[in-house]
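What follows is the residue order along each chain.
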Amino acid sequence: MTTSSTAELTAFGALLRQWRGRRRVSQFDLSVHTGVSARHLSRIETGRAEPSRQMVLRLAEALDVPMRDHNALLVAAGYAPAWAETDYWDERLAAARQAVGMILEHHDPLPAVVVDRYGNLLDFNGGAGVLMEEVDPDLLRGRVNLARVALHPRGLAPRLRNFAEVRQYFLDRLRAQEAIDGDPAIADLIEEVRHREPVAEDDDGWDGAAPSPFALPLRVRSARGELSMFTTIATFGAPRDITVSELAVELFFPLDEATAEAFKTAAREG
């Protein structure tokens, strides 16, 4: 194991060491996983050997580095980025949007939303609009973040029966994303969510256990009665674009017949 400080490392070497630290992988472990000798990995980190483009991608894959950070590693090593990052509404992503649109439409009248890695809302269906009926319209202008809308005093917070559980769900989800890429903007959002407090009576049924990061129980008081749902998340497999790789489609399902009927009624009312 090298004793060189980060300041002495190349740009690529420093990034590689950061990712090894984030994934808690030693040079020896990475060597075993990739078939590259630990000595050669040490030389790459300290700048005494230059990795090929294929080697950079191989190491990134072994460390489960996200697509956008594949690009950062390649650039640091002196190579062109491998992946494009296309705006969600760009014509080049029309096929992806069409696929997502079919999911949203098929899931209606139940709520469904599309978010980016920060939880910012990109698209939604009519059922999601019903869920947001009593949210302050100002919170639904500009860039709308799902965690902020859910936990804001003028958002869903006054109507949530399980505020603490919902807050924990968003914290777990954001912390998982922070562990993936270490984005400071996500750390800021975590602090914002962490300091949100309930503004209405919360149920006592939650035992404090961390909710599943993929299935959120959601209980909301509404003018249509109590809505009880759980959510699940769908993502694209084998994406070839950074934006697509970070998309998540969150689908809401009813936990009882009354909730299902409330959304059906809302759809009939237009």
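What comes next is a walk through the structure. (Residues numbered from 1 in each chain as written. Predicted model: local features only at pLDDT ≥ 70, side-chain atom pairs only at ≥ 80, totals over all residues. Heavy atoms only, no water.)

### So, the side chain of D69
(1) Moving on: Mapped onto the elements, D69 comes out in helix α5 (residues 67–76).
(2) Moving on: Nearest to the buried, unbridged D69 among oppositely charged side chains is R68, at 5.8 Å.
(3) Moving on: If near-sequence neighbours (up to four positions away) are discounted, D69 is found in contact with W19 and D181. (Helix = DSSP H or I, 4+ residues; strand = E, 2+ residues; numbered from the N terminus. Buried < 20%, exposed > 50% of the residue type's maximum accessible area, 1.4 Å probe, protein only. Lys, Arg positive; Asp, Glu negative; His and termini not counted. Salt bridge = Lys/Arg side-chain N within 4 Å of Asp/Glu carboxyl O. Contact = heavy atoms within 4.5 Å.)

### Observations regarding the pairing of strand β2 (residues 121–124)
(1) Moving on: In this structure, strand β1 (residues 112–115) lies alongside β2, joined through three bridges in antiparallel fashion. Opposite V113, over in β2, you have F124 as the bridge partner.
(2) Moving on: With antiparallel pairing between neighbouring strands as the criterion, β1 and β2 make up a hairpin whose turn holds five residues, including G119 at a positive phi of roughly 85°. (Pairing = 2+ DSSP bridges.)

### Here's the deal with the packing of aromatic side chains
(1) Moving on: Under the counting rule described, the total for this entry stands at three aromatic pairs.
(2) Moving on: Look at Y88 and W89: their rings are 4.9 Å apart centre to centre, the planes differ by 80°, and that puts the pair in the edge-to-face class.
(3) Moving on: On the basis of relative accessible area, Y88 is assigned to the buried category, the value being 4%.
(4) Moving on: For the pair Y169 and F170, a centre-to-centre distance of 5.4 Å together with 70° between the ring planes defines the contact as edge-to-face.
(5) Moving on: Residue classification places Y169 among the buried positions, given a relative accessible area of 0%.
(6) Moving on: In this structure, R22 is placed above the aromatic ring of W19, and the distance from its NZ or CZ to the ring centre is 4.4 Å. (Phe/Tyr/Trp six-rings, centres within 6.5 Å; stacked < 30°, edge-to-face > 60°. Lys NZ or Arg CZ within 6 Å of the ring centre and 35° of its normal.)

### Examining the pattern of salt bridges
(1) Moving on: Here the structure, examined in full by the defined rule, presents 19 salt bridges.
(2) Moving on: Between R17 and E45 there is a salt bridge, with its nearest N and O atoms 3.4 Å apart. Note that R17 is positioned in helix α1 (residues 11–23) and E45 in helix α3 (residues 38–45), a separation of 28 residues in sequence.
(3) Moving on: The exposure class assigned to R17 is buried, which follows from its relative accessible area of 18%.
(4) Moving on: Linking E226 and R161 is a salt bridge whose minimum nitrogen-to-oxygen distance equals 3.4 Å. Pair noted here: E226 is in the loop between β3 (217–220) and β4 (227–234) and R161 is in the loop between α8 (146–151) and α9 (163–181), with a separation of 65 residues, a long-range link.
(5) Moving on: Judged by its relative accessible area of 36%, E226 falls in the partly exposed class.
(6) Moving on: Look at R161 and you get partly exposed, because its relative accessible area is 24%.
(7) Moving on: Among the charged side chains, a salt-bridge network with shared partners connects R68, E85, R117, D183 and E246.

### Some thoughts on the layout of surface pockets
(1) Moving on: Approximately 880 Å³ is the volume attributed to the largest pocket.
(2) Moving on: Along its surface, the largest pocket is lined by 34 residues, and Q177, I180, T235, S245 and E246 are the ones closest to its centre.
(3) Moving on: Counting only elements with at least two residues in the lining of the largest pocket, the list comes to α4 (53–62), α5, α8 and α9.
(4) Moving on: Here the lining of the largest pocket takes seven residues from α9, the largest share from any one element.
(5) Moving on: Of the residues assigned to the lining of the largest pocket, the class counts are 18 nonpolar, six polar and ten charged.
(6) Moving on: The calculated volume of the second largest pocket comes to roughly 360 Å³.
(7) Moving on: For the lining of the second largest pocket, the residue count by class is seven nonpolar, four polar and seven charged. (1 Å grid on protein atoms, 1.4 Å probe; cavity = no way out; pocket = protein on both sides within 12 Å on 5 of 7 lines; lining within 4 Å. Points joined across faces, edges and corners; volume = space filled by probe spheres on them. Nonpolar A, V, L, I, M, F, W, Y, C, P; charged D, E, K, R; others polar.)

### Re the sheet that holds β4
(1) Moving on: Strand order across the open sheet formed by five strands is β2-β1-β5-β4-β3, with antiparallel pairing between neighbours. At either margin of the open sheet sits one strand with a lone partner, and together these are β2 and β3. Averaged over all pairs of adjacent strands, the angle between strand axes in this sheet comes to 30°, irrespective of strand direction.
(2) Moving on: Contacting β1, β3, β4 and β5 (248–254), α9 runs over the sheet at an angle of about 140° to β3.
(3) Moving on: Helix-sheet contacts for helix α12 (residues 257–269) involve β4 and β5, and the interaxial angle to β4 is about 80°. (Axes fitted to C-alpha atoms, helices over the stretch in contact; angles between N-to-C directions.)

### A look at the side chain of R167
(1) Moving on: Mapping R167 onto the fold places it in helix α9.
(2) Moving on: Classification of R167 by relative accessible area gives buried; the value is 17%.
(3) Moving on: Not counting residues within four places of it along the chain, the set of residues in contact with R167 comprises L151, V193, R194, R196, E197 and P198.

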